[in-house]
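# Descriptive analysis of the structure
In case you want the letters, here they are:
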Amino acid sequence: MGLKILIVEDDRLLAEAVSDYFTGKGWKTDVVYDGNSAMETVERKSYQMILLDVMLPGRDGFSVCRKIREMTETPVFFITARVLEEDELNGYAVGADDYITKPFSLPVLYAKVMAMTGRLRGGAGSGMLMRGDVTADVRTHDVKVSGKECPLAPKEYELLILFMENPNRIFTRDQLLIRLWGYDFDGNERVVDNHIKKLRKALSGSRCQIRTVRKSGYRMEVSV
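Below, the structure is looked at part by part. (Residues numbered from 1 in each chain as written. Predicted model: local features only at pLDDT ≥ 70, side-chain atom pairs only at ≥ 80, totals over all residues. Heavy atoms only, no water.)

## Some details on the sheet that holds strand S9 (residues 148–149)
Sheet strands associate in pairs through backbone hydrogen bonding, adopting either a parallel or an antiparallel arrangement. As a reminder, the rule being used: We treat two strands as partners when DSSP finds at least two bridges between them. Think of it this way: any DSSP run of H or I at least four residues long counts as a helix, any run of E at least two long counts as a strand, and we number them from the N terminus.
Read from one edge of the open sheet, four strands run S6-S7-S8-S9, paired in antiparallel fashion. One side of each edge strand has no neighbouring strand; the edge strands of this open sheet are strand S6 (128–131) and S9. Two elements, strand S8 (residues 143–145) and S9, share two bridges in a ladder whose sense is antiparallel. Directly across from Val-145, in S9, lies its bridge partner Lys-148.

## Description of the sheet that holds strand S3 (residues 49–53)
Put simply, the test is: Axis definition: a line fitted to C-alpha atoms, over the contacting stretch in the case of helices. Angles run 0 to 180 degrees between N-to-C directions.
If you trace the five strands from one edge of the open sheet to the other, you get S2-S1-S3-S4-S5, paired in parallel fashion. The sheet terminates laterally at strand S2 (28–32) and strand S5 (98–101), the two strands that pair on one side only. The sheet shows a mean angle of 20° between the axes of neighbouring strands, direction not considered. Across four bridges, strand S4 (residues 76–80) lies against S5 in parallel orientation. Pairing of Phe-77 across the sheet is with Asp-98, part of S5.

## As for the pattern of salt bridges
Rule in force here: Salt bridge, as used here: a side-chain nitrogen of Lys or Arg that lies within 4 Å of a carboxyl oxygen of Asp or Glu. Under the scheme applied here, a residue whose accessible area is under 20% of the maximum for its type counts as buried, over 50% as exposed, and between as partly exposed, the area being computed with a 1.4 Å probe on protein chains only.
Counted under the stated rule, the structure contains 13 salt bridges. Between Glu-43 and Arg-169 there is a salt bridge; the shortest N-O distance is 3.7 Å. Of the two residues, Glu-43 sits in helix H2 (residues 35–44) while Arg-169 sits in the loop between helix H6 (154–165) and helix H7 (173–181), which places them 126 residues apart along the sequence. The exposure class assigned to Glu-43 is partly exposed, which follows from its relative accessible area of 30%. The class of Arg-169 is buried, set by a relative accessible area of 6%. A salt bridge links Glu-70 to Lys-67, with the shortest nitrogen-to-oxygen separation between them at 3.1 Å. Placement of both Glu-70 and Lys-67 in helix H3 (residues 61–71) is noted, with a separation of three residues, approximately one turn of the helix. Through salt bridges with shared partners, a single network forms among Glu-9, Asp-53 and Lys-102.

## Observations concerning H3
The condition that has to hold: The definition of a polar contact used here is a pair of N or O atoms within 3.5 Å, where within protein one atom must be able to donate a hydrogen and the other to accept one, and adjacent residues in sequence count solely through side-chain atom pairs.
Turning to H3, its buried residues number three or more, namely Gly-61, Phe-62, Ser-63, Val-64, Cys-65, Ile-68 and Met-71. Taking the backbone nitrogen of Phe-62 as reference, a side-chain oxygen 3.1 Å away marks Asp-60 as the first, capping residue of H3.

## Notes on the packing of H7 against helix H8 (residues 190–203)
What counts here: Angles below 35 degrees are treated as roughly parallel, those above 145 as roughly antiparallel, those between 65 and 115 as roughly perpendicular, and all remaining angles as oblique. We call two residues contacting when some pair of their heavy atoms lies within 4.5 Å. Under the scheme applied here, ten amino acids are nonpolar (Ala, Val, Leu, Ile, Met, Phe, Trp, Tyr, Cys and Pro), four are charged (Asp, Glu, Lys and Arg), and all others, including Gly, are polar.
Following both chains from N to C, one finds H7 and H8 inclined at 85°, their axes separated by 9 Å at the closest point. Of the possible angle classes, the one that applies to H7 and H8 is roughly perpendicular. Note on element contacts: H8 touches H7 through Arg-190, Val-191, Val-192, Asp-193 and His-195, opposite Arg-173, Leu-176, Leu-177 and Trp-181. By residue class, the composition of the contact of H7 with H8 is five nonpolar, one polar and three charged.

## Side note on the side chain of Asp-133
Operational definition: Charge counting follows a simple rule: Lys and Arg are positive, Asp and Glu are negative, and His as well as the terminal groups are ignored.
You can see Asp-133 is positioned in the loop between S6 and strand S7 (134–137). Lacking a salt bridge, the buried Asp-133 has Arg-207 as its closest oppositely charged neighbour, with an N-O distance of 4.4 Å. Looking at Asp-133, its side chain comes within polar contact range of the main-chain nitrogen of Arg-207, at 2.9 Å. Setting aside residues up to four positions removed in sequence, Asp-133 forms contacts with Lys-144, Val-145, Ser-146, Gly-147, Ser-206, Arg-207 and Cys-208.

## Quick notes on H8
How we decide: Expected span of a helix: the number of residues minus one, times 1.5 Å.
Here H8 contains 14 residues, and its C-alpha end-to-end distance of 20 Å stays within 8% of the 20 Å for a straight helix at 1.5 Å per residue. Within H8 the residues assigned to the buried category are Val-191, Val-192, Asp-193, His-195, Ile-196, Leu-199 and Leu-203. Residues of H8 that are buried in the fold lie against S7, S8, H6, H7, strand S10 (208–213) and strand S11 (217–222). Of the residues trailing H8, Gly-205 is marked for its positive phi of about 85°.

Listed below in structure tokens is the structure:
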């Protein structure tokens, strides 16, 4: 599972340039050009970084960021031509992690993104994802629970990464089916329950637990 970035930018030439640069560095990129599309995409997919323009058609970046924060803790970088202090404060208030102002250098943007993802993953370039006493190496797919190796089947691993990247976010069965099995999956949604059960067993005794939210779905809770 490689690093993935969502680029939300209505300047198509700029969006293409950023996408090409990150793709050249080995990232997987998705590009959308308005706020509503951004929220729909975040609902369906997980990312390690979201680049979000402040000025967007229909719904501005501040509104989009606020809604994104209801769904995920993925880092959000605002891209903006506006440098007013009140805008920066507003951005941080709705959950942005950092700003970069136009025009900007692509290498500088990339360095800022890598620094942020490195801090979240246990050191720049380490490829480690950590929540509580559970760690996952996204390069090798090795998982440790309370310091002990924890082999997982592919679907349990994908579920774990999804929950670790989105702690406290509730996922319905349908959302999990779409993300992990695809839109054209024609099996029973209970397949999700079976894999959740196996993942819970693997995480037993750890500070990361998959909870059932009645009539809603599942979420990961991380205790201190």
